[in-house]
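Observations on the three-dimensional arrangement
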Amino acid sequence: MSKTVTALNGASWEGGIAHISEAPQQGMITLLGDLTAAAVIKAATGATGQEMPAQGKAQCAGEKGVCWMSPDEVLVLCPYAEIDKTLAKIKADLGDTHSLAVDVSDARALFVVQGPNAREVMAKLAPVDLHPATFTPGMFRRTRMAQVPAAFWMQEEDAFNVICFRSNAQYMFDLLKTAAQPGSEVGYFAAS
Amino acid sequence: MSTRLASGGRLVDQGQPINFSFNGNTLKGYAGDTLASALLANDQMLVGRSFKYHRPRGIVASGVEEPNALVNLGSGGTFEPNQRATTTELFDGLQATSQNHWPSLEFDVGAINAKLARFMPAGFYYKMFIHPRPLWKHVYEPFIRQAAGLGKAPKVRDEDTYEHFYAFCDVLVVGGGMAGLTAAKSAAASGAQVLVFEQTAHWGGRAPVDGGIVDGTPVDKVVDKLVSELSDMPNVTMRLRTMGAGVYDHGYVLGYEQLRDHAPKAQGPRHRLWRIRAGHVITATGALERPLSFAGNDIPGVMLASAVRDYVVNYGVSPGDRTVVVTNNDDAYRTALAIKHAGLSVPVILDARVPETDSPLMTAAKDAGIRVLMGHGVAKVLGGKRVTGVAVCAQAGEGAILEEIECDTVAMSGGWSPVVHLWSHCGGKLSWDNDFAMFRPDVDKAPTGQDGSGFVSAAGAANGHFGLSEVLSDAHASGGTAAKATGHAKSRRKAPKAESVDEAPMAPVWLMPQGAGVTLRGKAWLDYQNDVKVSDVQLAAQEGFESVEHAKRYTTLGMATDQGKLSNINGLAILSDALDQPIPQTGTTTFRPPYTPISMGAIGGEARGEVFQPVRRTAMYDWHEANGADWEPVGQWRRPLAYVQPGENLHDAVMRETKNVRENLGLLDASTLGKIIVKGPDAGRFLDMLYTNMMSTLKPGKCRYGLMCGENGFLIDDGVVARIDEDTFLCHTTTGGAEHIHGHMEEWLQTEWWDWKVYVANVTEQYAQIAVVGPKARAALEALGGMDVSQEELGFMEWADGSIGGFDVRVYRISFSGELSYEIAVKASEGQAFWDALMAVGAAHDVMPYGTEALHILRAEKGFIMIGDETDGTVIPQDLGLHWALSKKKEDYLGKRAHLRTHMADPTRWKLVGLETTDGSVLPDGAYAVAEGTNDNGQRNVQGRVTSTYHSPNLDKGIAMGLILNGPDRMGEVLEFPGTDGKTHSARIVSPVFYDPEGEKQNV
């Protein structure tokens, strides 16, 4: 049944200095708990095959991963189709350990900002040091972009995955397009 | 007259002519010109009129300090007022018009004010227009507004785009002159990340004009070499046309980059606002030359000596054939020599000093055949719209004229003031330097960062060092300091060495001649832009405005768009003299960012048009839009107020929707309501503290309405709580409350009850939630097929998970309308599909979508309160008759203690009642019920107010709720509500529950 849709139906744009596209649906689970507790570590790593991330890091491979959100929260990534199975496994692994695991896949929109100028596009919107020596693939930031909350990480150089709330998807898409408008290269990171 | 020289001009390309227009006349300039140099080349010395007296004013400076040459630039969507001609780069097709004159620049009616100057001293407006009071509003103010003002406000939307950019660096160098470049190189050699800003289009600052030899090489070549070396370093970023606008706490600096002002046809944003976090800031912002205060120093043709030099050397423009130089320092001699070198005439240098021996520059001037008069000054400038000559006097005297000398330009120099603005923005202190008569950064009192150490260093002229060799060693050292401060090893390289030139000491000259009488002082301008004279500042002191900040505001000295760049030091020297106290005791006014005005567009950045602000959309937004939604903003969300069908107006649509819910079936997009999961062994205990009523006793599978108060007892939110399992609750909040109630929960959990085992998660956006409401709701759901939604299986105030029409759903039997109602949550990605399924199956049950206005009427018919209508941050549950929701069993909850305060327990607090107009009309929203008598201010006493008011189509009359003094005890009484429409409305106090008081319809 093709009744599920992403917020913008996979919109994309390449008229500017970076390629902006809405990613297909991505499974996301918010996991709150003591990140040093064995059951919590087992739940997060067991469901993804990834290590627990250090502060400010994302441990990702393909559609699976664990991202550090706060001292008591990680974001677990899994294929959208496997969300129920993954959540069930996480809950089983957590057992009686005080924690909260909940599906937030549909609460979010996911965008990819790609190209040699991707860093500059992001740096126009988020108060984050995106210098190539400072922000590297594998790092994860919860921050704001212009006027909305957002989080992002780089899976590889020149490609940012950006998460925002689903209701802000259109704003985020328009925002990224604005920041990537033709002729708006900054040239700040190019020197490095 | 001013004109273009046959050759020369290091910045212009005489092979590339450019056409531009000034006041409609097409003029010719060259690539590399500023608008000011091009105007001078076309003999357009008169460029504007002054603010108060409408005196003719000409170009004074060559940079950002220019007070007079402000023009309107562009037209239509690119129009911008108050642009400085001296910093506007010329481009083909540039359109400029002069400001503040009527009917024309050459003939201005307002100039009559100048004749009345004697009657318009400092504080004139304050003194004149205070009496009689009513005349201010109706006569004086409109007249003054018409007459005042520099440029005009733009009338159409700005066509351009703007952006912000967040940058982080170790060392930010503001200023790309020799000091800035040297400091940047010294810092960069240590490996630090360095960002260099230069506000003009050229590197090197004054050095290429002023000259000098560094390590055996002419300084202009040294600049080129430095720039090329720095550009090649991977850890250095260089930016021209970018100004350091302000320095703030924690190394935060704003930079203002003008990307396309010189190339309007280029793509991309016009301005970029750099929002920088710098480890260390070096202000290499140079110095500004001060004017001299002599009579007629504002007549077009009187210019700063350095500016005259700039126009000759940089742009190949002669400001005049005969230039009299008047000075109190050696630097102006460079101007005399440059003029002479260009083949023009310098009839005399008037030097206010009487030196014992000649300095090398004096000797050079004399050797060049220039007449030098020591101990002399200008008594007054001759001319009206243009200088025709100067009257020479002895500086020591009172202005007796010794001779008159014909000239068409006066180049004046009153010494130099370091640009200490950026140093001062964040608290850097200044010290007074007696030798140079200037304020300079007090290096021991730099702006301090979070660790208490200074995070700003001044370098070069900005630090009070003027000789090229002192500039270079100071800048080199600053770069090393900055590198060290940001954790890099100081470079061991030596500072470049310049050949030093001995200069005779300057002598402070604040008034010329020093004994100038009242007539001369009344024509000696301090602030050109705001028309403040020496005599005005002296009057302010005499009238008791002794503080520099008071004198500034009383006289308006330094309050124009140039923020007193030329006038401040001269003004406070005059003030100090009038108060008979040393200058440092008078002090300076506060330096505030931005250094020069920056565009509103740059401040707004990308936030304009479709991304002006976020608009939050539910999963069904597009459907609503396509089906006639009239949108209501609710926080950042857009919710349909009503769906207007062809042939009806908004009111018709609301009435239709409201009736249909009671009679048939309505669908409401309720997705925006907050949904917060609260889980853990202490979840029940936690919710008992947050809500006023008991939540821990709620059974899994059940729902309960709850009220939330803040610590002070006032209502902050309400909503239905569902218990999911023993450890888990789902709390619904209002649409606007989702984020801040989530934050409220986290705050209490993190700061007070940190040892309680509770986790909360905001899952509002995970779900699309649709209210299926009306007597036919069950039949429709049954037709769609799936889980049992009967009264027996799913009773009122119960919830259940299941499947309907093939969708995984969670169904809540809750009702905000008083009708049979199911609120059904599905995954947001399936929201539209589920809505479509409900619309399809509902067709047989007369389904209609309904919006928030119908929702409001339906709840008002039932007497249900709405947070934000019945509450406004000052209302407590007791005011709304919600005593039943205040648990008496609980020992404590947020707000409980506050409710015991005398004011909260006061029986005369206004209480909620229903209101019904005597004629069936609708009460005006927010109207007050009047009482007998008047208060101390002579206003009618009041005894209540309307909080919600609607026309109810189901009852066919106006219904309202309101908070009324002793309301519940006054049933049946009729109150009067004067409206703003002049009518007085009468309404009877009734029960707030207008419809189905027994609640039978929702529980079927």
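Residues numbered from 1 in each chain as written. Chains lettered and ligands numbered in written order. Predicted model: local features only at pLDDT ≥ 70, side-chain atom pairs only at ≥ 80, totals over all residues.

**Digging into the domain arrangement of chain A**
Residues and elements named next belong to chain A.
- Each assigned domain of chain A is listed here: domain 1 (12–24 + 107–179) and domain 2 (26–106).
- Between the C-alpha centres of domain 1 and domain 2 the distance comes to 22 Å.
- If you look at the interface, domain 1 gives eleven residues, while domain 2 gives twelve residues.
- Of all elements in the fold, only β8 (108–114), β9 (140–145) and β10 (148–156) reach the threshold of two or more residues within the side of domain 1 that touches domain 2. (Domains from an automatic or database assignment. Contact = placed C-beta atoms within 7 Å. Helix = DSSP H or I, 4+ residues; strand = E, 2+ residues; numbered from the N terminus.)

**Focus: the interface of chain A and chain B**
- Facing 44 residues of chain A, the contacting portion of chain B comprises 41 residues.
- Among the elements of the structure, β3 (26–33), β7 (99–103) and α4 (169–179) of chain A are those that each provide at least two residues to the side of chain A that touches chain B.
- Examining the composition of the side of chain A that touches chain B, we find that six residues originate from one element, α4 of chain A, more than from any other.
- Classifying every residue of the side of chain A that touches chain B by side-chain character gives 21 nonpolar, 16 polar and seven charged. (Nonpolar A, V, L, I, M, F, W, Y, C, P; charged D, E, K, R; others polar.)

**So, the sheet that holds β7 of chain A**
All names here are of chain A.
- Read across the open sheet, the five strands follow the order β4-β5-β6-β3-β7; overall the sheet is antiparallel. The open sheet has two edge strands, β4 (58–61) and β7, and neither has a second partner. Within the sheet, the average angular offset between the axes of one strand and its neighbour, ignoring direction, is 20°.
- The pairing of strand β5 (residues 64–70) with strand β6 (residues 73–79) spans five bridges and is antiparallel. When the bridges of β6 are listed, Trp68 appears paired with Val74.
- Contacts from helix α1 (residues 38–48) reach β3, β5, β6 and β7, with the element oriented near 25° to β6. (Pairing = 2+ DSSP bridges. Axes fitted to C-alpha atoms, helices over the stretch in contact; angles between N-to-C directions.)

**Remarks on the sheet that holds strand β11 (residues 159–165) of chain A**
All names here are of chain A.
- The strand order across the open sheet formed by six strands is β1-β2-β8-β11-β10-β9, and the pairing between neighbours is antiparallel. Looking at which strands have only one partner, the edges of the open sheet turn out to be β1 (12–13) and β9.
- Where β8 lies against β11, seven bridges are found, and the strand directions are antiparallel. When the bridges of β11 are listed, Val112 appears paired with Asn161.
- Its contacts with the sheet put α4 on β1, β2 (19–22), β8, β9, β10 and β11, and the angle it makes with β8 is roughly 10°.

**Thoughts on the pairing of strand β13 (residues 236–239) of chain B**
Residues and elements named next belong to chain B.
- Burial of the side chains of β13 extends over both faces: Val236 and Met238 are buried on one face and Thr237 and Arg239 on the other.
- Note that strand β10 (residues 194–197) and β13 share four bridges and pair parallel. Residue pairing for β13: Val196 is matched across the bridge by Met238. (Buried ≥ 20, exposed ≤ 12 C-beta atoms within 10 Å, placed from the backbone.)

**Considerations on the environment of Met139 of chain A**
Residue and element names in this part refer to chain A.
- Take Met139: it is sitting in the loop between α3 (118–123) and β9.
- Put simply, Met139 and Thr97 are 42 residues apart on the chain and 28 Å apart in space, counted from C-alpha to C-alpha.
- Apart from the residues lying within four places of it in its own chain, the contact partners of Met139 are Gly56, Lys57, Ala58, Trp153 and Met154.

**Thoughts on the pairing of β8 of chain A**
All names here are of chain A.
- Most of β8 is tucked away: five of the seven residues are buried.
- Summarising the sheet, β2 and β8 pair through four bridges and their orientation is antiparallel. Bridge pairing links Ile20 to Val113 in β8.

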